[in-house]
Amino acid sequence: MKKILINDGISKSGKQKLIEYNFNVIDQHIDQDNLIEFINDNNVDGILVRSATKITKEIINECPSLKLIGRGGVGMDNIDVQHAQAKKINVINTPGASSSSVGELVFSHLFSMARHTYHSNRTMPLEGDFNFKKLKKNYASGSELRNKTIGIIGFGKIGQAVAKIAIGIGMNVLFYDKNIKEQTISINFYNEKEVKFHLKRTDFEILLEKSDMISLHIPKQEKPLINKKEIKLMKKGVFIVNTSRGGIINEKDLIQSLNNRHIQCAGLDVFEKEPNPNIELLMNEHISLSPHIGASTLEAQQRIGLELAEQVNQIFNG
Ligand code: NAD
């Protein structure tokens, strides 16, 4: 019976599936410092992690029983994938399982910014009982998303999930992706109807100039893609959302543009310094904040667990 160590948790259904497939499942978090010893003492064949556990070169070298490393989620920043593959260890992840959850979080930020609810949730508990009329006036200048233009940068799985929701609520969609020139996306409805849209890439600068709202969906970059220069091209009053990776927007330039009101509002799920984001971002009253929860829905976690279990079974049992 192959042993699978689940080190950062997995959905009940994923764990159940692994048991059904006859794996010996150890669902226990082992601290980073004790991981090598535990894997060797227990002859662990496969380890499943999320983002908390790091699978380093050292672990890969010191644990000869390991034949599989699985990441529940997308980014593989915490796994030395190259080294694992060089050692013929299978490395798997679940690239599509959380796309629609991240897409929905983008709209959670956008709707909240458009109607100021992220802000009224901060002030209502403090002033709502004696300053109701003043607050009502403060938040009276809301806007609708319908008929606005959203510019999606990075048109992979999550960018396309965002486009589907945007089209569904009547927005105009522009996208820029360095590798994708055109893309057909299918929107599926509850009554099994399907509508297809064919979209063509817009130049990066034109997207920046024409969008009322911009959402970022590219992988981690060496340097920020959005700096002062790019912000200058954007419409005054633009909304910007980053649910991809910290550092894709230059945080200093973002704060400056929020304070001089060129950018009206930002929605941030990811930060340059996680888990200790810049306090100036956390305290800025023009930012709708969430603590890197894009993939954290019950539905995505279930899909992730099941997808991992299927892949583990495929690798060990064919
Ligand atoms: P994907 O690989 O499907 O798509 C990424 C797209 O970005 C690709 O089409 C690629 O061609 C494009 N791209 C790469 N570099 C670019 C550049 N410099 N300019 C323009 N386009 C570029 O990835 P995905 O699944 O859509 O994920 C997108 C991002 O979301 C990743 O950074 C991922 O880590 C992040 N993510 C965040 C959360 C969260 O919890 N907030 C959850 C899942 C994924």
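Presented here is an overview of the structure given in this document. Position numbers for residues start from 1 in each chain and track the written sequence from start to end. In keeping with the model being predicted, local features are shown solely for residues with a pLDDT of at least 70 and side-chain atom pairs are shown and tallied solely at 80 or more, while totals for entire chains, interfaces and linings include all residues. Hydrogens and water molecules were not included; the side-chain quantities draw on all heavy atoms of the structure.

As for the nonpolar core
Generally speaking, a soluble globular protein has its nonpolar side chains buried in company with each other.
Inference 1: Core analysis: the largest hydrophobic core is formed by 25 residues, its most contacted members being Phe107, Leu110, Ile150, Ile152 and Val173.
Inference 2: Those elements that place two or more of their residues in this core are helix H5 (99–114), strand S6 (149–153), helix H8 (157–168), strand S7 (172–176), strand S8 (182–188) and strand S11 (238–242).
Inference 3: Numbering goes from the N terminus for both helices and strands, where a helix is a DSSP run of H or I of at least four residues and a strand is a run of E of at least two. Broken down by element, the residue count for this core peaks at five residues, all from H5.
Inference 4: Think of a nonpolar core as a cluster: buried Ala, Val, Leu, Ile, Met, Phe, Trp, Tyr and Cys residues, connected wherever their side-chain atoms sit within 4.5 Å. In this scheme, a residue with accessible area under 20% of its type's maximum is buried, one over 50% is exposed, and one in between is partly exposed, where area comes from a 1.4 Å probe on protein chains only. Among the nonpolar cores identified, the runner-up in size contains 24 residues, and Leu216, Ile249, Leu254 and Ile287 belong to it.

Looking at the sheet that holds S7
Inference 1: Strands sit in the order S7-S6-S10-S11-S12-S13 across an open sheet of six strands; the sheet is parallel. Each edge of the open sheet carries a strand with a single partner, namely S7 and strand S13 (287–289). Averaged over all pairs of adjacent strands, the angle between strand axes in this sheet comes to 15°, irrespective of strand direction.
Inference 2: Across four bridges, S6 lies against strand S10 (residues 213–216) in parallel orientation. Following the sheet pairing, Ile150 is matched in S10 by Met213. DSSP calls a pair of strands paired once it identifies at least 2 bridges connecting them. Working convention: axes come from line fits to C-alpha atoms, limited for helices to the stretch in contact. Angles between N-to-C directions cover 0 to 180 degrees.

Some remarks on the environment of Ile89
Inference 1: With respect to the helices and strands, the residue Ile89 is situated in the loop between helix H4 (81–86) and strand S5 (90–93).
Inference 2: Of the residues examined, Ile89 reaches a relative accessible area of 7% and is grouped as buried.
Inference 3: Counting along the chain gives 194 residues from Ile89 to Met283, while the straight-line C-alpha distance between them is 44 Å.
Inference 4: In this structure, Ile89 is in contact with Ile60, Leu66, Lys67, Leu68, Ile69 and Ala84, ignoring residues within four places of it in sequence. We call two residues contacting when some pair of their heavy atoms lies within 4.5 Å.

In short, geometric facts, not functional conclusions.
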